[in-house]
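Each chain, letter by letter, is given below.
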Amino acid sequence: MTAGTGLSRELLKWLQSLDLSYSVKNVKRDFSNGYLIAEIFSRYYQQDVEMHSYDNGQALQRKLDNWAQLFKFFNKKGIKLDRDCINDVVHCKSNEAPVKLLSAIYKLLTGRDVLMPKALTEQLANPEVLPQFARPNASSLLNANIRESEMTTTLEDLEAAQARAKSLIDDHNSTVRQERAMESRYMGNTAYNSSTVQRVLRGPPKPVSQDIESTQVRFQEVKVRTVDRNIAQLRATRDQQMQGAFTGTPQGTPQSFSTGGLAPSDTSAAAPAVVGVDVLQLLSQRIVSDASLGLGGLGRGAQPFDLFLKHLPQLPVEAAAAVFGLQPAELDAVAAACAASPKQAWQLFHLILSLLAVCEHAPVFSAAVGLLCQVGMRLVAMDSQLADGLLRDFGLPRLLLLVKVAPAKQRELLQVIYAFSANTAEAHIGAIKAVQDGLGADGPAFALALTSLITLEVDFSDDLLDLYVYYCVIALGMPSCRLRAAALSMLPVVCSQNRELVVQMLPRLSVLAADPWWEIQAQLGKLYCALLAGASASSAEASSVASMLGGVLGCRSPAVATVALAEAAPLLSRWPALLSPFVSSLLSLPPQQRAALLAPNNQPVPVPATSCVLYDIRPLPMRWPPLLVANQLIASAKAQNSPYLESGHVQILSAIFNAPLSESESAAWQQWLLESKDYLYVALCDEDLCEKMSSVLLAIFDFLQDGAIPSFSTLLSSLRMIFNGDGNLCQNVALVFLNELFDRGMPFAGAVANLVGSFDNELRATALSQIVARVDAEFRAG
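As the structure is a prediction and not an experimental result, all values here were calculated from the model.

The rules behind each value
Residues numbered from 1 in each chain as written. Predicted model: local features only at pLDDT ≥ 70, side-chain atom pairs only at ≥ 80, totals over all residues. Heavy atoms only, no water. Helix = DSSP H or I, 4+ residues; strand = E, 2+ residues; numbered from the N terminus. Areas by Shrake-Rupley, 256 points an atom, 1.4 Å probe, with all protein chains shown as cover. Expected span 1.5 Å × (residues − 1). Bend = angle between axes of the 7 residues up to and from the residue. Buried < 20%, exposed > 50% of the residue type's maximum accessible area, 1.4 Å probe, protein only. Contact = heavy atoms within 4.5 Å. Polar contact = N/O pair within 3.5 Å; in protein donor to acceptor, adjacent residues only side chain to side chain. Patch = residues over 30% accessible without salt bridge, like charges linked within 9 Å, V, L, I, M, F, W, Y side chains within 5 Å. Salt bridge = Lys/Arg side-chain N within 4 Å of Asp/Glu carboxyl O. Axes fitted to C-alpha atoms, helices over the stretch in contact; angles between N-to-C directions. Parallel < 35°, antiparallel > 145°, perpendicular 65-115°, else oblique. Left-handed = near helix turned anticlockwise from the far one by under 90°. Nonpolar A, V, L, I, M, F, W, Y, C, P; charged D, E, K, R; others polar. Disulfide = S-S within 2.5 Å. Core = buried A, V, L, I, M, F, W, Y, C linked by side-chain atoms within 4.5 Å. Phe/Tyr/Trp six-rings, centres within 6.5 Å; stacked < 30°, edge-to-face > 60°. pLDDT = per-residue confidence, 0-100.

Engineer: I keep staring at the overall build of the protein and nothing clicks. Help me out?
Structural biologist: Secondary structure summary: the protein contains 40 helices and zero strands in total. Of the roughly 40400 Å² of accessible surface on the protein, a fraction of 53% belongs to carbon and sulfur atoms.

This is how it looks when you write it as structure tokens:
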């Protein structure tokens, strides 16, 4: 058995080969919610188990929901697993239950049995071999076999719970009686207790040597030195020693993230002069002088920066960020101090990295990183080699530690490395190698760092581009799906520099099209879009790349579709063949995710999955060609012979007409309205769609003005359907719609008056009498 997990090596190697989303650390807890079980089956049944349907949470209801989905899948595929064993796994009763369940799943999926170690097999077959202190008692048995979570599920019935408890205690008492009877037979055997037998077993006594060597122990005399200097003089001496230590090697640099031991030098002592400014004093003064921070009266004698870190979660975010908003003259002084004194450089990194390690507010984090970057760029302007050396000596180790523990913030952190490096390809190659050396054997962390570093590059040389491609090719061959996805994320940037190089890799990348991991499909979609953006319609590979992108758009994963839609939206004008899969993919998204992609603002859209790289997804309405999308939307409804629109269609139309439209396309939009009017006006008769569709129609009318009036004949037919039925909601919405249209004045007031004039007596007798009376009073009378 492997230490820590309780799994056999065979099971553990099998799980590692599946490349699950996270490793097994606690076998009793990690499998209880069914998420990893679902992920295991998704590797063998890719089309039947969709991981976005499962929640990786530990709440009881989430566990039950996951297992309910798994039971449906088991029944569908005829998979038979022990329900009692699954129940023990769900309620975390023991380490043996998940091992037993995994063994059964392993045999089911691979056709091989799990060979357990001989010692464990004997222990399971003969539990009496356990020593007395390791055997369970009644209390531990009840605690292990009846969990609190069961009392609200399988043992909700009180009688069933009592029966389970009684059965466990009866079995335990019977086992204890048998063990005691066995022990009494052993204890009653006189031969077993005879002193003769004990002496035989123990052997003859061994003589003890009388010649014991004596060893003299000598104690060194303790010498006590008297101190004849005050504390200010001692501090000055300490600062001088630290100054001397920093001018040599950096091995004496403190490695922790605490700020203990840093104190501003006492001006009354003979301290060495500081060139520029003392970093700690500068930041402390800014903290103390800002009354909004409220740290002036806290912790007398304590270091202001220590107080700042201690109370950071409770401080006003804007005021805390302003501490690091140094003026250009102050930044110049800090850079000069770091250039003149390694102590000040170490102090700068030590203070800022201490804050970054505990900071959870994004504005404060960005302001602190910005301070480091500004100082780094000024140091590079003074002496690029000095700046690089200070970074490697005092900042890089702890900076890379933060990169590893906070991957979501790694791009901001890695900006610091490039800020302390010259803006040349050669310097960046050296910085990349320094990052690789600093991360050591952590290849995944280095690959993820490259995905951020490549986006920070401004000028590529052939050597720098070759370096990225080299590590990209290596990562593409790794067994980890996350590393392969990270490698793919670099290729769009490579494509912008050397498109032919990526085109040559397409045959190798086509193998990844069958990879089930969502992020690989998403990154392939981004790469295909990057290739099409730089391709001409006549290029040999363009049609095949467009076809592959269409396949990615057809993926059922919302995360893949979100990324692919955002990247493909700007390409629809040049590649009309993408319109059909684009609209189909958008319609297949869950309503909540589709609404996020269709938002009227330009805020980032979250990807509904855990990712290894950062995505900058923006809403579609500001990036797509609206007329082409609207034409394809109606064409798709007609192609399916659908008599009416669905909610997804109306949601997309609402996003199109809530965004600015080009006046040059007004004639084309008028033609679209005439071709789509049947679908649009019929939606007013649907209680689920009428409110949204009335807003869409008003937006269309506002844009087309006179061009919208020829479609009013169909509006009259819809009004007849609405007011001859019992749909109160649709009738109310229609009345509000007509009144708002009439309020817009000419030409719509006249069109509504003409419409009302076409009402027969039956329509006038309905709730439409309100609009009839208003038109007669305000329009015809005038």
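On we go from here.
Engineer: So what exactly am I meant to see when it comes to unusual backbone geometry here?
Structural biologist: Negative phi is the rule for most residues except glycine; trans is the rule for most peptide bonds. The linkage connecting Met746 with the following residue, Pro747, adopts the cis geometry, with an omega of 5 degrees. Among the structural elements, Pro747 can be located in the loop between α37 (728-743) and α38 (748-757). Unlike most non-glycine residues, Asn641 shows phi in positive territory, near 55 degrees. Structurally, Asn641 can be placed in the loop between α32 (626-639) and α33 (647-658). Phi angles above zero are rare outside glycine, and Gln705 is one such case at about 55 degrees.

Engineer: Teacher, can you tell me more about helix α34 (residues 666-682) here?
Structural biologist: The periodicity of an α-helix, 3.6 residues per turn, causes residues three or four positions apart to be oriented the same way. In this model, α34 (17 residues) spans 23 Å end to end at C-alpha, consistent with the 24 Å of a helix rising 1.5 Å per residue. Maximum bend of α34: about 65 degrees, positioned at Ser676. If you check which residues of α34 are buried, you get Trp669, Trp672, Leu673, Ser676, Lys677, Tyr679, Leu680 and Tyr681. At its buried positions, α34 is contacted by α32, α33, α35 (690-704) and α36 (712-723).

Engineer: Would you explain the side chain of Asp278 in this entry?
Structural biologist: Summarising the element assignment, Asp278 is placed in the loop between α12 (231-247) and α13 (279-289). A polar atom in the side chain of Asp278 sits 3.1 Å from the side chain of Gln344.

Engineer: Explain helix α3 (residues 35-44) here, please?
Structural biologist: Across the 10 residues of α3, eight count as buried, placing the element largely inside the fold. Among all positions in α3, only Tyr35, Leu36, Ile37, Ala38, Glu39, Ile40, Phe41 and Ser42 are buried. Here the buried face of α3 lies against α1 (9-17), α2 (27-30), α4 (60-77) and α6 (96-110).

Engineer: When you look at a nonpolar patch on the surface in this model, what are you seeing that I'm missing?
Structural biologist: There is a patch of nonpolar side chains on the surface, built from Tyr470, Ile474 and Met478 and spanning about 270 Å² of accessible area. By the element assignment, Met478 lies in the loop between α23 (462-476) and α24 (481-497).

Engineer: Explanation requested: the side chain of Ser718 in the structure shown.
Structural biologist: Here Ser718 shows up in helix α36. Classification of Ser718 as buried rests on a relative accessible area of 3%. When near neighbours in sequence (up to four residues on either side) are disregarded, Ser718 contacts Tyr681, Val682 and Cys685.

Engineer: Any chance you could explain the pattern of salt bridges here in plain terms?
Structural biologist: Working definition: two side chains of opposite charge can pair if their charged atoms are close together. This structure, assessed with the given rule, holds 20 salt bridges. Arg286 is the salt-bridge partner of Glu330, the closest N and O atoms lying 3.3 Å from each other. Highlighted residues: Glu330 in helix α16 (residues 328-340) and Arg286 in helix α13, separated in sequence by 44 residues. Since its relative accessible area comes to 23%, Glu330 is described here as partly exposed. Each of the salt bridges in this network shares a partner with another, and the network as a whole consists of Asp48, Lys76 and Lys77.

Engineer: Before we go on, may I ask you to explain the packing of helix α19 (residues 384-405) against helix α21 (residues 425-439) in this structure?
Structural biologist: The angle between the axes and the distance between the axes are what describe a pair of packed helices. Two elements in contact, α19 and α21, have axes whose closest approach is 10 Å; the angle formed by their N-to-C orientations is 65 degrees. With respect to α21, the axis of α19 lies roughly perpendicular. Our pair here, α19 against α21, has a crossing hand that is right-handed. The residues of α21 that touch α19, namely those facing Arg392, Leu396, Leu400 and Lys404, are Gly430, Ala431, Ala434, Val435, Gly438 and Leu439. For the contact of α19 with α21, the residue count by class is six nonpolar, two polar and two charged.

Engineer: Could you clarify how one ought to interpret the state of the cysteines in this entry?
Structural biologist: A disulfide bridge is the covalent bond that connects two cysteines by way of their sulfur atoms. Summed over all chains, the structure comprises zero disulfides. The thiol sulfur of Cys690 is not disulfide-bonded, and the nearest other cysteine sulfur, from Cys730, lies at 4.0 Å. Take Cys690: its relative accessible area is 0%, and that puts it in the buried class.

Engineer: Mind showing me how you'd approach the nonpolar core here?
Structural biologist: In summary, soluble globular proteins display a tendency toward joint burial of nonpolar side chains. Ranked by size, the top nonpolar core spans 204 residues in total, and within it Phe308, Phe324, Trp624, Trp672 and Phe701 carry the most contacts. Residues contacting Phe701, with those up to four places away along its chain left out, are Leu673, Tyr681, Ala708, Ser711, Phe712, Phe737, Leu741 and Phe748. Within the second largest apolar cluster, 38 residues are counted, among which are Leu11, Leu36, Phe41 and Ile105.

Engineer: Honestly, the packing of α36 against α37 in this entry has me stumped. Any pointers?
Structural biologist: Running from N to C, α36 and α37 point in directions that differ by 145 degrees, and their axes come no closer than 10 Å. As α36 packs across α37, the resulting crossing turns out to be left-handed. Contacts between α36 and α37 involve Phe712, Leu715, Leu719, Ile722 and Phe723 from the first element and Cys730, Gln731, Ala734, Leu735, Phe737, Leu738 and Leu741 from the second. Residue classes in the contact of α36 with α37 are distributed as 11 nonpolar, one polar and no charged.

Engineer: When you look at the environment of Ile700 in this model, what are you seeing that I'm missing?
Structural biologist: With respect to the helices, strands and loops of the structure, Ile700 is situated in helix α35. Ile700 sits 42 residues away from Asn658 along the chain, and the two C-alpha atoms are 9.3 Å apart. Look past the residues within four positions of Ile700 in its chain and what remains in contact with it is Phe657, Trp672, Leu673 and Leu680.

Engineer: Honestly, the environment of Ala322 in this entry has me stumped. Any pointers?
Structural biologist: With respect to the helices and strands, Ala322 occurs in helix α15 (residues 317-322). Taking C-alpha positions, Ala322 is 9.4 Å from Pro363, a pair spaced 41 residues apart along the chain.

Engineer: In this structure, what is going on with the packing of aromatic side chains? I would like to understand it.
Structural biologist: For any pair of aromatic rings, geometry is given as the distance between the ring centres together with the angle between the planes. Applying the stated criterion to the full structure yields 22 aromatic pairs. Ring centres of Phe41 and Tyr45 lie 6.4 Å apart, and the angle between their planes is 35 degrees; on these two criteria the pair is classed as tilted. For Tyr45, a relative accessible area of 23% gives the class partly exposed. Aromatic pair Phe349 and Phe420: ring centres 5.2 Å apart, planes at 40 degrees, arrangement tilted.

Engineer: Any chance you could explain the confidence of the model for the protein here in plain terms?
Structural biologist: The predicted coordinates of low-pLDDT regions are not to be read in fine detail. On average, residues of the protein carry a pLDDT of 81, and 79% of them reach 70 or more. Throughout residues 119-125 the model reports pLDDT below 50, and contacts reaching past four residues in sequence, or to other chains, amount to five contacts. Considering only residues more than four positions removed or in separate chains, one finds that residues 242-272, a stretch of pLDDT under 50, has 56 contacts.

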